[in-house]
Amino acid sequence: MMASPSYAVLKEKNIDNTLSLLRLELTSYRIELERQSGIMREQQKQVTTTMLSVMNKSRQNSLMLYSQKNGFIFDLTYACHEATEQYHEFQKNVRPFRQYINTADVEISRYDSLINELSMMNKIGLSERAKIDRNVCLTLAVNIRHTLSDNRNQMQDYIKIYNQTEERLKYLNTYANKRYSDIQQSIFSNRGDNYLKILSNLGHQLSETTETVSSKYRPQKKVQSDWDSRIMLGLLCIIIFGGFIAVLINFVIIRWIIRKATLYERLAIYRDTLERKLTCINLAMSVATFALILGAVRMIVEQNFLIMASGLLIEYTWLMEVIVLSLILRLDGKQTRNGFKIYMPIMVMGFLVIVFRIVLVPNDLVNLVFPPILLASIIWQWNRIKNYSNGIEKSDRYYSYISLCVFGLSTIFSWIGNTLLAVQILIWWVMQLTCILTITFLRGWLQKYSEKKKIANKAITGRWLFDFVYDVVLPVLCVASIIVSIYWAADVFNLSDTTWSIFRKYYIDEKGFRASIFTITLATVLYFLFKYVNNTVTELARLHFENVDHATAATRFVMAKNIIQVVVWGTWLLTVLAVFHVSNTWLVVISGGLSTGIGFALKDIIENIYYGISLMTGRIKVGDLIECDGVRGTVSSISYTSTMVNTVDGSVIAFQNSQLFTKNYKNLTRNHGYELAIIPIGVAYGTDAAKVRELLTSAITKLTCRDRRKEVKVVFSGFGADSIDFKVLVWVPVMTRTYANGEIMETIYNCLNDNHIEIPFPQRDIHIIAPSAGSPTFADDEDEAMKTINNGKPQGM
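What counts and what doesn't
- Residues numbered from 1 in each chain as written.
- Predicted model: local features only at pLDDT ≥ 70, side-chain atom pairs only at ≥ 80, totals over all residues.
- Heavy atoms only, no water.
- Salt bridge = Lys/Arg side-chain N within 4 Å of Asp/Glu carboxyl O.
- Helix = DSSP H or I, 4+ residues; strand = E, 2+ residues; numbered from the N terminus.
- Buried < 20%, exposed > 50% of the residue type's maximum accessible area, 1.4 Å probe, protein only.
- Pairing = 2+ DSSP bridges.
- Axes fitted to C-alpha atoms, helices over the stretch in contact; angles between N-to-C directions.
- Contact = heavy atoms within 4.5 Å.
- Core = buried A, V, L, I, M, F, W, Y, C linked by side-chain atoms within 4.5 Å.
- pLDDT = per-residue confidence, 0-100.
- Phe/Tyr/Trp six-rings, centres within 6.5 Å; stacked < 30°, edge-to-face > 60°.
- Lys NZ or Arg CZ within 6 Å of the ring centre and 35° of its normal.

1. Brief notes about the pattern of salt bridges
And step 1. In this structure the tally under the stated criterion is 7 salt bridges.
And step 2. Among the salt bridges present, the one from Glu675 reaches Arg632, with a minimum N-O distance of 2.7 Å. Pair noted here: Glu675 is in strand β8 (residues 674-683) and Arg632 is in strand β4 (residues 631-638), with a separation of 43 residues, a long-range link.
And step 3. Taking the relative accessible area as the measure of exposure, Glu675 reaches 13% and is therefore buried.

2. Brief notes about the sheet that holds β8
And step 1. Taken in spatial order, the 3 strands make up an open sheet running β8-β10-β9, and their pairing is antiparallel. Bordering the open sheet on either side are β8 and β9 (713-719), each of which pairs with just one other strand. Within this sheet the neighbouring strands show an average axis-to-axis angle of 25 degrees, counted without direction.
And step 2. Pairing of β9 with strand β10 (residues 724-733) involves 6 bridges; the strand directions are antiparallel. From the neighbouring strand, Val715 faces β10, where its bridge partner is Lys727.
And step 3. Across the sheet, helix α22 (residues 737-754) is in contact with β8 and β10; its angle to β8 comes to roughly 30 degrees.

3. Focus on the pairing of β4
And step 1. Taken together, the 4 bridges between strand β3 (residues 625-628) and β4 define a ladder with antiparallel strand orientation. Note that in β4 the partner of Glu627 across the bridge is Arg632.
And step 2. Turn length for the β3-β4 hairpin, with the two strands adjacent in sequence and antiparallel, is 2 residues, and the turn residue Asp629 shows positive phi of about 55 degrees.

4. Side note on the nonpolar core
Nonpolar side chains in soluble globular proteins tend to end up buried together.
And step 1. Tyr343, Ile346, Met347, Phe370 and Leu426 are the most contacted members of the largest nonpolar core, which has 51 residues in total.
And step 2. Those elements that provide at least two residues to this core are α2 (73-119), α8 (271-300), α9 (304-330), α10 (333-358), α11 (363-388), α12 (394-416) and α13 (419-453).
And step 3. In contact with Met347, not counting residues within four places along its chain, are Tyr316, Met320, Ile323 and Phe340.

5. A word on the pairing of strand β5 (residues 642-647)
And step 1. By the bridge criterion, 5 bridges tie β4 to β5 in an arrangement that is antiparallel. Counted as the bridge partner of Ile638 is Thr643 from β5.
And step 2. Judged from the 5 bridges that link them, β5 and strand β6 (residues 652-656) form a sheet pairing that is antiparallel. Across the sheet, the residue bridging to Thr643 is Phe655, located in β6.
And step 3. Joining the antiparallel neighbours β5 and β6 is a turn of 4 residues, in which Gly650 adopts a positive phi near 95 degrees.

6. Quick word on the confidence of the model for the protein chain
And step 1. Scored by pLDDT, the protein chain has a mean of 75; 74% of the residues are at 70 or more.
And step 2. Of all secondary-structure elements in the protein chain, the lowest mean pLDDT belongs to strand β12 (residues 788-790), at 41, while helix α16 (residues 517-548) reaches the highest, 89.
And step 3. A low-confidence stretch, residues 1-7 (pLDDT under 50), is modelled with 17 contacts involving residues beyond four sequence positions or located in other chains.
And step 4. Note that residues 261-265 has pLDDT below 50 and, in this model, 4 contacts with residues that lie over four places away or in other chains.

7. Looking at the sheet that holds β6
And step 1. Across the sheet, 5 strands lie side by side as β6-β5-β4-β3-β7; this open sheet has antiparallel pairing. The open sheet has two free edges, formed respectively by β6 and β7 (666-667), since each of these has just one partner strand.

8. Digging into the packing of aromatic side chains
And step 1. Applying the stated criterion across every chain yields a total of 12 aromatic pairs.
And step 2. Ring centres of Phe468 and Tyr532 lie 5.3 Å apart, and the angle between their planes is 70 degrees; this geometry places the pair in the edge-to-face category. Here Tyr532 lies in helix α16 and Phe468 lies in helix α14 (residues 460-491), a separation of 64 residues in the sequence.
And step 3. We classify Phe468 as partly exposed; its relative accessible area is 30%.
And step 4. Members of the aromatic cluster, each reached through a chain of ring pairs, are Trp445, Tyr449, Phe466 and Tyr470.
And step 5. Over the face of the ring belonging to Tyr506 we find Arg514, whose NZ or CZ atom lies 4.0 Å from the ring centre.
And step 6. The positively charged end of Lys710 is found above the aromatic ring belonging to Trp731, 3.8 Å away from the centroid.

Below is the structure:
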C-alpha cells in the first residue's frame, strides 16, 4: 500500500490567491482520501483473511516441525524448509505495511503544522473571500488529519497482529535453524555404526528397519493425509506412467519425422548418424516432455506431496537433459552410445537419491541398503569404463574416472557410518558433472566456431565479443559451477539457505580484513574480467599505433602496454581490497612499516623503471641499432626494468636500463642511419702521397656501399716506423658496417697493388754471434749462451 501524493501550492502573487489554490488542492485530496478509505476497507478484509491463513499455516508448520524424529532426516529437512520459507515470505509481505506507517506519520506531522499555521493566521488584511478560503482550508486540513490518523491507527492494529505473527514465525524459524544444525551434524559429524557392525547384527537391524518402515508407510485408515503411503505410491506410479507416455510419444514422433518423405532426402546424408543417436535423441526429447508435464501438473494439482516430488523431479530432468544433450551435440553416433553407457551409472544413482528424498526414506533403511548399492555402483562404473572408454573423447574418459573415484569415496564414507555424507557427495558430483558437461559443450562449440570463422586471424575489433565469451564467460561459469553445484546438492536436504549463509560467512573477520567464500569467488571473477579488459585495451592500443605510424608503433605500444597494465591491475587490486573490506588504516600501517625497507630494496628497480620510462619516451625505440660496452645489436623490446638487444652475432642480451645511461650507449640509427668508418693504411717511404690520395679517393668513390651524399676523404695522418700513414674516412650504413668496411679495404688493397704501390710490413733479422776461445759453449751452459737480435731494415729500404 502506498500513500497518495501530497498536494501543494507554490508561491503566488498574493496571499488571497495562495489560499484559493490551497482550498482547491485540499478539497481534491479530501475526495481522493475518501475514495482510498473505501479501498482500504476492502483491503482490510483481505488482510484479515491473509492473516488467518498465515496463522493456520504457521501452526501447521509448528506441529509438523515439532513432531519430527531425528531418525527421519528427509522428513526433518522438509519440515525445516517449510518453516524457514514461510518466515522469509512473511518478512517480504509485511514490509509495505511498515512503509505505510512511516509515510502516514510524516503526513500527520505535516498537517499538524499546516493546521497550526492556518489557525494562527491573522485575519487583518485578508479579503472576505480570503477569510472564507482560510476557514475552509482549516476545516479540510483538520478533517484530512483525522482521516489519516484513523487510517494509521487502524493499520497499526494490523501491524500489531503482524508483529505477533512475526514473533511466532521468528521463533519457529530459530527452532528450524537449530534443527538444521542437527541435520548438518548428522551429515558431516555424527557417525553411525559401520556397515560391518550392521552386517554382524543383520537380523536385529532388519527387524528394526522393517518396523520403522512399516510404521512410517502404514496407511492411515481414520484420517486422510496428503502423505499417505497409498497416495505417494499412486502418484509415483502416475509420474512413472507419464514418463513412459512421454518416451513413447517422442519415439513415434521422431521416427515419423526422420522417415517423412519430404525430409528423407534432406536427412539422407545424416541418416546413419541420426540412427546411431536416435536413442539419445528420443531420451532427450522425452525428458523435456516429461519436465513440461510435471510443470503443468504442479500448477494444476494442489497436493503437497506432488508439489514437492514434481519440483525435485523437474530439477533432475533438467540435469539429465543437459547430460544427454551434451553427448548428442559433442560426440558422433558411436561415441554417443558409448558416452551414454559411461554416464548411465551416475545418472541412475542420482535418480535413486532423488527417489529417496521424494519418498522420505528413513535413516535406518538408507544405512542398510545404500552401502551395498554404492559398492555395486563401483563395479558397474568400472565395467562401463573398461568396455566403452576407448570409444569416447578424452575429457569424458576423465569424467568417468572421477565418477568412479566419487563412488569409491562415497562407499568408504557409507561403510564407516557416514551414509548421509555419502549421499551428499554423490548428489554434489551429479550437479557438478552437469555443469562441467555444459561448459565443455560450450567451449567445444566455440572452438569449432572460431576455427570455421578464423577468429584468431581477425583484429581485436572483430573478435572482442568472442574473446569476452571465451575468456570471461566460460571461466566465470567454471567458478560459479562449484558454488551452484554445492548449493543444489544442499537443496536436496533443503539446506540451501544454510549453504548460502555458509558462503557469506566471514571466516576471516578481523578489523582490517574480512574474507568469505563469496568474496573469494567474487575476486576470482573480477580477475577474469579485468584480464580481458587488459588484453582487449592492449590490442586496441597496438592497432591504433600501427594505423597512425607503423615505424614508431612498437616503441609506443610498449609504453602504452605498461601504462594500461598498471591502470587495469591497479584498479583490480583496489576493487579486491574493497571486496575484502581492507581498511585504509591497516594499509597505512603496513605501508608505513615496510616503506623504508622496500625503498632500499627496490632502489635499483625503481631506478631502472625511471630510466625505462625515459627510454620509452623517445630516446630509443624497438628496431634501433645501439652499442653499449662494445656490444652492438638491435633493440627487440623495452620494459620498465630492462632492454633486450639481439646482437649481431646472434646472441640475446638484456641490459638494465640504468646501464644504458651510466655507460653512455650509442644509438646508431637515431639520426640518418650512417656512421663514419676510419680505415688506416700505410705505404712505403718514397711513395707520392698526392698520387695515393687521388687513387684511393677515385676507387672508393665508385663503391655503392657508402653514403653517396658525402664525399670520401683520404687524410695524411703521420710518419710511421716503417711507412707513411693515411686515414680513409667513409660514411657507411650502420646495419652493414662490417660488410662495407671489408669491401672498402679490399678496394684499397687492389688499388695499391694494381698501381705497384708498396704496403710495407715489419721484418726482423736474427744474428747469432759465435763464442770465443775459452768461453762456455751453448751446449755446455745454455743459460750463459749469448744471443743478439738486431732489428733488420724493412724490405725495399
